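Per-entry structural report
Below, each chain spelled out in residue letters.
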Amino acid sequence: MSQWHSVCELSQILPATGVCALINGQQIAIFRPHDDEQLYALSNIDPFAQASVLSRGLIAEHQQALWVASPLKKQRFRLSDGFCLEDEARSVASYPVRVRDGKVEICA
């Protein structure tokens, strides 16, 4: 059963960056592309390198969507759903994320 977990204050995530949270033993990358409350959450594990690095990736726009490029092998994952542009079989999990009373919460 999934439930909402409080992670941090929204102000602790700088715009145009990602951070990592450990929730129920899962590393989840949280991205804040702009200076607003729009957030995205994906698995932090790069399926190509099997490393916990996606939260450190570069956020960019491509094909009218926001993506994060892995800092290791540069594969791109769509922030809205974890779809991998280079190999859809290696897409990553995405998680519902919200801001409530200034706090970031993830449903996992």
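Residues numbered from 1 in each chain as written. Predicted model: local features only at pLDDT ≥ 70, side-chain atom pairs only at ≥ 80, totals over all residues. Heavy atoms only, no water.

An unreviewed UniProt entry lists the protein under the name Nitrite reductase (NADH) small subunit, with Candidatus Pantoea symbiotica as the source organism.

Summing up its helical and strand segments, the protein has 0 helices and 12 strands in all. Secondary structure elements of the protein occur, N-terminal to C-terminal, as β-β-β-β-β-β-β-β-β-β-β-β. Scaling as 2.2 N^0.38, a compact globule of 108 residues should have a C-alpha radius of gyration of about 13 Å, and the protein matches this with 13 Å. A principal-axis box enclosing the C-alpha atoms of the protein has dimensions of 35 × 30 × 20 Å. Relative to its full complement of 108 residues, the protein shows a buried share of 43%. When the accessible surface of the protein is split by element, carbon and sulfur atoms take 46% of a total near 6,000 Å². (Helix = DSSP H or I, 4+ residues; strand = E, 2+ residues; numbered from the N terminus. Rg over C-alpha atoms; globule rule 2.2 N^0.38 Å. Buried < 20%, exposed > 50% of the residue type's maximum accessible area, 1.4 Å probe, protein only. Areas by Shrake-Rupley, 256 points an atom, 1.4 Å probe, with all protein chains shown as cover.)

This part is about the sheet that holds strand S12 (residues 103–107). One open sheet holds the 3 strands; their spatial order is S1-S12-S11, and the pairing between them is antiparallel. Among the strands making up the open sheet, the edge pair consists of strand S1 (4–9) and strand S11 (97–100). Averaged over neighbouring strand pairs, the angle between their axes works out to 30 degrees when direction is ignored. Two elements, S11 and S12, share 4 bridges in a ladder whose sense is antiparallel. Paired with Arg98 across the strands is Glu105, a residue of S12. (Pairing = 2+ DSSP bridges. Axes fitted to C-alpha atoms, helices over the stretch in contact; angles between N-to-C directions.)

Under the feature "domain: Rieske" (unreviewed entry), the UniProt entry names residues 5–106. Summarising residues 5–106: 0% helix, 49% strand, and an end-to-end C-alpha distance of 5 Å. (UniProt positions renumbered as here; feature names shortened; annotations may be inferred.)

A separate point is the environment of Phe31. Within the secondary structure, Phe31 is located in strand S3 (residues 26–32). The class for Phe31 is buried, based on a relative accessible area of 0%. Ignoring any residue separated from it by four or fewer positions in sequence, one finds Phe31 in contact with Thr17, Gly18, Gln38, Leu39, Tyr40, Leu42, Leu54, Ser55, Ile59, Val68 and Leu79. (Contact = heavy atoms within 4.5 Å.)

Let us now look at the state of the cysteines. The final tally for this structure, using the stated rule, is 0 disulfides. Its sulfur unpaired, Cys8 is 11 Å from the next cysteine sulfur, which belongs to Cys20. For Cys84, which is in no disulfide, the shortest distance to another cysteine sulfur is to Cys20 and amounts to 19 Å. (Disulfide = S-S within 2.5 Å.)

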